[in-house]
Amino acid sequence: MKKYNFDQVIDRKNTSSYKWDNPMYAGKSILPMPVADMEFVVADEILEALDKITQHGVLGYSIVPDSLKLLAQKRIQEEYQWETAVEWQVWLPGIVPGISIACDIFSNEKNGVLTAIPVYHPFHLIPTWLNRPILTFPMVEKEGRWTYDFEAFEEALKQQPAVFLFCNPHNPGGTVFNQSEIDQIVRLCKQYNCLIISDEIHADLRIHPQSKHICIGQYIEDIPSISFFATSKAFNTAGLGGCVAIIPHKASRETFIKRTFGFMPMLSRHSIDVMSATYLHGSNWLAQLLPYLKQNHDFLLDFVKQQPGLGMIPLEATYLAWISYDETWGDLPERLLEHGLHVLRGEQFKGKNFIRLNFACPQSQLQEACQIIASLAL
Ligand SMILES: Cc1ncc(COP(=O)(O)O)c(C=O)c1O
């Protein structure tokens, strides 16, 4: 079995990297930790799949082969214990466009979209783009993890949103929703007749050994729902895109498929072959990645604990730390940027006095980031 070296620092500048080639950094030396991709080379088998395409050299239109559909079905069954049918699958180039189309179809200008905050920004931006009412309720800290304020959730549901956007594991905050939470979400959404759109892109990034990913879709097969899965986030192929929507309800699936025509490009051969290689051969790489991420997580958590006025709740999944800061730190994201570290401002996710920091990097870079933060302590 190949041993991967996640300590290796790779120069990503001048690679059209969304993270490293941000025009805002021109002429400055900035350590970027905003965008959710990782600083690591992907699994060998993924590179081999890409080499094969290059050697063949023809880049025409592609279809999703049955073999890939079966691999996705197998993974959902084996990893998350949800038995799905292949015909429930709809393949798309990305989850965010898929969520946009789903919100467009299933909500309207009266019955809008509900989501917990803070949340991955497209969840609150998509309804705004679509001119749909957006309802939110807060995540709260309970027993050392972020969870829902279920009373506020129910109050929001009483205002009759048509769609609930569920992020599991949650970005930011890293919650892997447990059985009791999933049961409550299902019960309440059924009671208030609210369709669940579940984004499970972070499902394979569980760094807490006890956390188990539970697919909400298995409890609502009899009513319309959409669950999105992708290998792109956990296996660091985000730039290639590719995802699968599981839509058990036939009429909703057909409506969704029709609505994608003309709005969604076809998947590229690169993304198709890379997803196949990932499902087939990615497990060794992922098994080495997760302890590395956990080590970075623990390092960062220890560091944050030592800084008066900073706070962080341990994550169960993802590599996106959600760090609170008090007034003694001033405008922390702005000050960090001035000192060479770019993190995302909590407001982007509808969270005030937080930063989101991506720790999926060699530990040397994380240490550098912590040094910059420490240098700003009063
Ligand atoms: C919760 C969540 N969903 C979706 C995405 C992006 O998905 P895609 O690139 O398939 O649109 C991200 C990226 O960070 C994410 O965090």
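None of these values were measured; they are calculated from a predicted model. (Residues numbered from 1 in each chain as written. Predicted model: local features only at pLDDT ≥ 70, side-chain atom pairs only at ≥ 80, totals over all residues. Heavy atoms only, no water.)

**So, the domain arrangement of the protein chain**
Interfaces are often sized by the amount of accessible area the parts lose when they come together.
Step number 1: As assigned here, the protein chain comprises domain 1 (23-44 + 283-375) and domain 2 (66-281).
Step number 2: The distance between the C-alpha centroids of domain 1 and domain 2 comes to 25 Å.
Step number 3: When domain 1 packs against domain 2, the two sides together hide about 2800 Å² of surface, and 64% of this comes from carbon and sulfur.
Step number 4: The largest share of the area that domain 1 buries against domain 2 comes from Ile313, Glu316 and Lys350, three residues that together contribute 26% of it.
Step number 5: Between the two partners, domain 1 and domain 2, sit one salt bridge. (Domains from an automatic or database assignment. Buried area = accessible area lost by both parts, 1.4 Å probe. Salt bridge = Lys/Arg side-chain N within 4 Å of Asp/Glu carboxyl O.)

**Points about helix α7 (residues 250-260)**
Step number 1: Within the sequence span of α7, burial applies to Ser252, Arg253, Phe256 and Thr260. Seen from one end, α7 has its buried residues packed into an arc of 100°, which puts them on one side. Turned more than 90 degrees away from the buried face of α7, the exposed residues are Lys250 and Lys258.
Step number 2: Each element contacted by the buried residues of α7 is listed here: β2 (89-92), α3 (95-106) and β8 (225-229). (Buried < 20%, exposed > 50% of the residue type's maximum accessible area, 1.4 Å probe, protein only. Helix = DSSP H or I, 4+ residues; strand = E, 2+ residues; numbered from the N terminus. Arc of directions from axis to C-beta. Contact = heavy atoms within 4.5 Å.)

**Here we look at unusual backbone geometry**
With glycine set apart, most residues show a phi of negative sign, and most peptide bonds adopt trans.
Step number 1: The linkage connecting Ile117 with the following residue, Pro118, adopts the cis geometry, with an omega of 0°.
Step number 2: Positionally, Pro118 belongs in the loop between β3 (113-117) and α4 (122-129).
Step number 3: With an omega dihedral of -5°, the bond running from Asn168 to Pro169 counts as a cis peptide bond.
Step number 4: Structurally, Pro169 is set in the loop between β6 (163-167) and α6 (179-191).
Step number 5: Non-glycine residue Glu143 carries a positive phi angle of around 50°.
Step number 6: You can see Glu143 is positioned in the loop between β4 (134-142) and β5 (145-148).
Step number 7: A positive phi is found at Asn353, a non-glycine position, where the angle reads about 60°.

**Remarks on the environment of Leu68**
Step number 1: The residue Leu68 is located in helix α2 (residues 66-80) in this model.
Step number 2: In this structure Leu68 comes out as buried when scored by relative accessible area, which is 0%.
Step number 3: Separated by 113 residues in the primary sequence, Leu68 and Glu181 have C-alpha atoms spaced 32 Å apart.
Step number 4: Contacts of Leu68, omitting those with residues within four sequence positions, involve Trp91, Ile272, Met275, Ser276 and Tyr279.

**Here's the deal with the site of the ligand**
Step number 1: Inspection of the region around the ligand gives Ala36, Gly94, Ile95, Val96, Pro97, Tyr120, Cys167, Asn171, Asp199, Ile201, His202 and Lys233 as its neighbouring residues.
Step number 2: When the ligand is considered free in solution it has 400 Å² of accessible area, and contact with the protein chains removes 88% of it.
Step number 3: Looking at which element gives the most residues to the shell around the ligand, the answer is α3, with three residues.
Step number 4: The class makeup of the residues in the shell around the ligand is seven nonpolar, three polar and two charged. (Near = heavy atom within 4 Å. Areas by Shrake-Rupley, 256 points an atom, 1.4 Å probe, with all protein chains shown as cover. Nonpolar A, V, L, I, M, F, W, Y, C, P; charged D, E, K, R; others polar.)

**Side note on the pattern of salt bridges**
Step number 1: What the rule picks out here adds up to 17 salt bridges.
Step number 2: Glu78 is the salt-bridge partner of Lys74, the closest N and O atoms lying 3.9 Å from each other. With a gap of four residues between them, Lys74 and Glu78 both fall in helix α2, about one helical turn apart.
Step number 3: Classification of Glu78 as partly exposed rests on a relative accessible area of 48%.
Step number 4: Where Arg345 meets Asp331, a salt bridge forms, and the shortest distance between an N and an O atom there is 2.9 Å. Residue Arg345 is located in strand β13 (residues 344-345), and its partner Asp331 is located in the loop between β11 (320-325) and α10 (332-338); the two are separated by 14 residues in the primary sequence.
Step number 5: The structure contains a network of salt bridges with shared partners spanning Arg12, Lys19, Asp37 and Glu39.

**Considerations on the sheet that holds β4**
Think of a sheet as strands paired side by side through backbone hydrogen bonds, with each pair either parallel or antiparallel.
Step number 1: Taken in spatial order, the eight strands make up an open sheet running β2-β9-β8-β7-β6-β3-β4-β5, and their pairing is mixed. Every other strand in the sheet has two partners, leaving β2 and β5 as the edge strands with one partner each. Mean inter-strand twist for the sheet, computed between neighbouring axes without regard to direction, equals 25°.
Step number 2: Of the strand pairs in this sheet, β2 and strand β9 (residues 243-246) are connected by four bridges, and their pairing is antiparallel. When the sheet's bridge partners are listed, Trp91 is paired in β9 with Val244.
Step number 3: Most of the contacts of α6 go to β6, to which it runs at about 170°, and overall it touches β5, β6 and β7 (195-199). (Pairing = 2+ DSSP bridges. Axes fitted to C-alpha atoms, helices over the stretch in contact; angles between N-to-C directions.)

**Section: the nonpolar core**
Step number 1: Counting 50 residues, the largest nonpolar core has Leu293, Leu300 and Phe359 as the members making the most contacts within it.
Step number 2: Only α9 (283-305), β10 (310-312), β11, α10, β14 (354-358) and α11 (363-375) provide two or more residues apiece to this core.
Step number 3: The greatest single-element share of this core, amounting to ten residues, is contributed by α9.
Step number 4: Summarising the domain contributions, this core has at least three residues from each of domain 1 (23-44 + 283-375) and domain 2 (66-281).
Step number 5: Setting aside anything within four residues of it in sequence, one finds Phe359 in contact with Ile207, Leu293, Asn296, His297, Leu300, Leu315, Thr318, Tyr319, Leu320, Ala321 and Leu366.
Step number 6: Counting 29 residues, the second largest nonpolar core, distinct from the first, contains Tyr148, Ile216, Ile313 and Phe349. (Core = buried A, V, L, I, M, F, W, Y, C linked by side-chain atoms within 4.5 Å.)

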